[in-house]
Amino acid sequence: MEYISRHMEEQILKLSKSYSAILVTGPRQAGKTTMLRSLAEKENIGREYVTLDDLTARDMAKNDPALFLQLHKPPVLIDEVQYAPELFTYIKIHVDEHHNPGDFWMTGSQIFRLMRGVQESLAGRVALLHMSPMSQREIIGAPCVPFTTDFDRLIAESKNIAPVETPALFERIWKGCMPGLVSGQYTDRNIYYSSYLSTYVERDVRELSGNIDALKFNRFVTAVAARTSQLLNYKAIADDADIDMPTAKAWVNILETLGIIFLLHPYSNNVLKRTIKTPKVYFYDTGLVCYLTKWSSPEVAESGAMSGALLENFTVSEIMKSYQNAGLEPYLYFYRDRDAKEIDVIMEGDGKLCPLEIKKTATPDKRLTRVFGVIDKSPLKLGTGAVLCMAEQFSAFDRDNLIVPIWMI
């Protein structure tokens, strides 16, 4: 089983030259530890590896952090650091005394809980990166390029990436992007996902929220998956899972904390008064969505009622990963107002808003771009828009509205 190199490696090596501490967060099994251990081997400076999944190590890190750092001297890779936030203060003292770039590499799979500890103790001293399951570009070995609607960049990219037809794309969507499945380490996708949910997700949820009813939690995750790419409706999810709304909200928060889902917030400003306030929900891994919503094969997923939602989820998560892997913050929103005008994704950057429409068609209609005009009222300039679709090749309706095949992201 060979190691598939990850886009984030470059960022880590670069940041290790200036930051004493680097923290890579992201869901379990996304490949954080594998990547850092592989990089540590290449560095060849004798970086020690210690995981706080090991209860003895965890106990010492929590109860005697000073002794822990004497035993595990930097340069060190500390895995699952969320289990001992007590370490952060001592890491800070060490960093302030020694100023050695690259001393501490850390991973953590409970993102928000970690952020709190880090912001209190290590603000300004730690480089934070978020790692998702694999992106399509990592899987096919293409370079790391944050998605953009820049015409020249897209023309160049279209020559570098082999086109993918709809059935093959749905195979990627259905199979998912967990490194364990992509690398062929695990061959039975159903067993992989069912044990992923019961081993990691349930265990972490218990840790974060006390006792949970595993059956209700499973129903809850399935209810969220069935509504992927839609507005987050807590009441409907709570009804489906037979739980109350506060529990549904708490559990959504936990899925976000564990890096399993992310929310896309609506774009609004003082001028656009009629926009709605509810976020949309997406999964980082479409394979998990297909497993939870019981699509038995890529063909059924492609022809089924959720095919549009799955394609949208896939596209939005790929755009998200293209930024995260480059160590950049993705400024992504969507637009929907009370007049039912809607734009799937808005990318904000360089004083512009670039609207994106996602459609499961190979021959998009120019009328799809009409709605882009609604953000003209915004104080930011309307940038180049695009319809992301199943087209065979990159083209354009006109200079301001492009047709971008989803396989190019």
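As shown above, the structure is provided for reference.
Worth saying up front: this structure is predicted, and the values here are computed from it rather than measured.

Focus: unusual backbone geometry
In step 1: Pro75 follows Pro74 through a cis peptide bond whose omega is 0°.
In step 2: Among the secondary structure elements, Pro75 is positioned in the loop between α4 (65-71) and β3 (76-79).
In step 3: Positioned with a positive phi, Gln29 is a non-glycine residue whose angle comes to about 70°.
In step 4: Positive phi is not limited to glycine here, since His99 has a value of about 50°.
In step 5: Tracing the backbone through its elements, the reader meets His99 in the loop between α5 (87-98) and β4 (104-108).

Details of the packing of helix α11 (residues 189-209) against helix α12 (residues 214-226)
In step 1: Running from N to C, α11 and α12 cross one another at 105°; their axes reach a closest spacing of 11 Å. Looking at the two axes, α11 sits roughly perpendicular to α12. The segment α11 lies against α12, with Leu197, Val201, Glu202, Val205 and Arg206 engaging Ala214, Phe217 and Asn218.
In step 2: Residues belonging to the contact of α11 with α12 are distributed by class as follows: 5 nonpolar, 1 polar and 2 charged.

Concerning the side chain of His72
In step 1: Relative to the helices and strands, His72 resides in the loop between α4 and β3.
In step 2: In this structure the side chain of His72 is engaged in a polar contact, spanning 2.7 Å, whose partner is the side chain of Glu48.
In step 3: Sequence-distant contacts of His72, defined by excluding residues within four places in its chain, comprise Glu48 and Val50.

Side note on the packing of α12 against helix α14 (residues 245-257)
In step 1: α14 packs onto α12 with a crossing angle of 75° between their chain directions and a minimal axis gap of 11 Å. Of the possible angle classes, the one that applies to α12 and α14 is roughly perpendicular. Contacts from Lys216, Phe217, Phe220 and Val224 of α12 reach α14 at Ala248, Trp251, Val252 and Leu255.
In step 2: Looking at the contact of α12 with α14, its residues break down into 7 nonpolar, no polar and 1 charged.

Considerations on the pairing of β4
In step 1: Most of β4 sits inside the fold, with 5 of its 5 residues counted as buried.
In step 2: Burial along β4 is two-sided: Phe104, Met106 and Gly108 facing one way and Trp105 and Thr107 facing the other are all buried.
In step 3: The sheet contact formed by strand β1 (residues 21-25) and β4 spans 5 bridges and is parallel. If you follow Val24 over to β4, its bridge partner there is Thr107.
In step 4: Across 3 bridges, β3 lies against β4 in parallel orientation. Each residue of the ladder has a partner; that of Val76, found in β4, is Phe104.
In step 5: Taken together, β3, α5 and β4 constitute a β-α-β crossover, and its handedness is right-handed.

Some words on helix α6 (residues 111-121)
Since there are 3.6 residues in each turn of an α-helix, residues three or four apart along the chain are aligned in direction.
In step 1: Among the residues making up α6, those that are buried are Ile111, Leu114, Met115, Gly117, Val118 and Ser121.
In step 2: Residues of α6 that are buried make contact with β1, α5, β4, β5 (126-130) and α14.

Details of α14
In step 1: An ideal rise of 1.5 Å per residue puts 18 Å on 13 residues; α14 measures up with 18 Å between its terminal C-alpha atoms.
In step 2: Among the residues making up α14, those that are buried are Ala248, Trp251, Val252, Ile254, Leu255 and Thr257.
In step 3: In the core, the buried residues of α14 are packed alongside α6, α11, α12, α13 (234-241) and β6 (261-266).
In step 4: Looking one or two residues beyond α14, the residue adopting positive phi is Gly259, at roughly 70°.

Quick look at the nonpolar core
If you look at soluble globular proteins, the nonpolar side chains tend to sit buried side by side.
In step 1: Core analysis: the biggest nonpolar cluster contains 76 residues, and Phe220 and Leu388 have the highest contact counts within it.
In step 2: For this core, the leading source of residues is helix α17 (residues 307-324), giving 7 residues.
In step 3: For Phe220, the residues in contact, after removing those within four places along its chain, are Ile237, Ala241, Ile243, Ala248, Trp251, Val252 and Leu255.
In step 4: Listed in part, the 23 residues of the second largest apolar core include Leu52, Ile91, Val118 and Val126.

Points about the packing of aromatic side chains
In step 1: Under the definition given, this model contains 12 aromatic pairs.
In step 2: Note on Tyr267 and Tyr333: the rings are 5.6 Å apart at their centroids and 70° apart in plane angle, and the pair reads as edge-to-face. Placement of Tyr267 in the loop between β6 and β7 (280-283) and of Tyr333 in strand β8 (residues 332-336) is noted, with a sequence separation of 66 residues between them.
In step 3: An aromatic cluster is built from Tyr186, Tyr192, Tyr193, Tyr196, Tyr200 and Tyr291, whose rings are joined through pairwise contacts.

Some thoughts on the environment of Met60
In step 1: Mapped onto the elements of the fold, Met60 is located in helix α3 (residues 55-63).
In step 2: Of the residues examined, Met60 reaches a relative accessible area of 24% and is grouped as partly exposed.
In step 3: Residues Met60 and Asn313 lie 253 residues apart in sequence; the distance between their C-alpha atoms is 42 Å.
In step 4: Not counting the four nearest positions on each side in its chain, Met60 is found in contact with Pro65, Leu67, Phe68 and Leu71.

Criteria and thresholds
Residues numbered from 1 in each chain as written. Predicted model: local features only at pLDDT ≥ 70, side-chain atom pairs only at ≥ 80, totals over all residues. Heavy atoms only, no water. Helix = DSSP H or I, 4+ residues; strand = E, 2+ residues; numbered from the N terminus. Axes fitted to C-alpha atoms, helices over the stretch in contact; angles between N-to-C directions. Parallel < 35°, antiparallel > 145°, perpendicular 65-115°, else oblique. Contact = heavy atoms within 4.5 Å. Nonpolar A, V, L, I, M, F, W, Y, C, P; charged D, E, K, R; others polar. Polar contact = N/O pair within 3.5 Å; in protein donor to acceptor, adjacent residues only side chain to side chain. Buried < 20%, exposed > 50% of the residue type's maximum accessible area, 1.4 Å probe, protein only. Pairing = 2+ DSSP bridges. Right-handed = clockwise from strand over helix to strand, strands pointing away. Expected span 1.5 Å × (residues − 1). Core = buried A, V, L, I, M, F, W, Y, C linked by side-chain atoms within 4.5 Å. Phe/Tyr/Trp six-rings, centres within 6.5 Å; stacked < 30°, edge-to-face > 60°.

The values reported here are purely geometric and, on their own, carry no functional implication.
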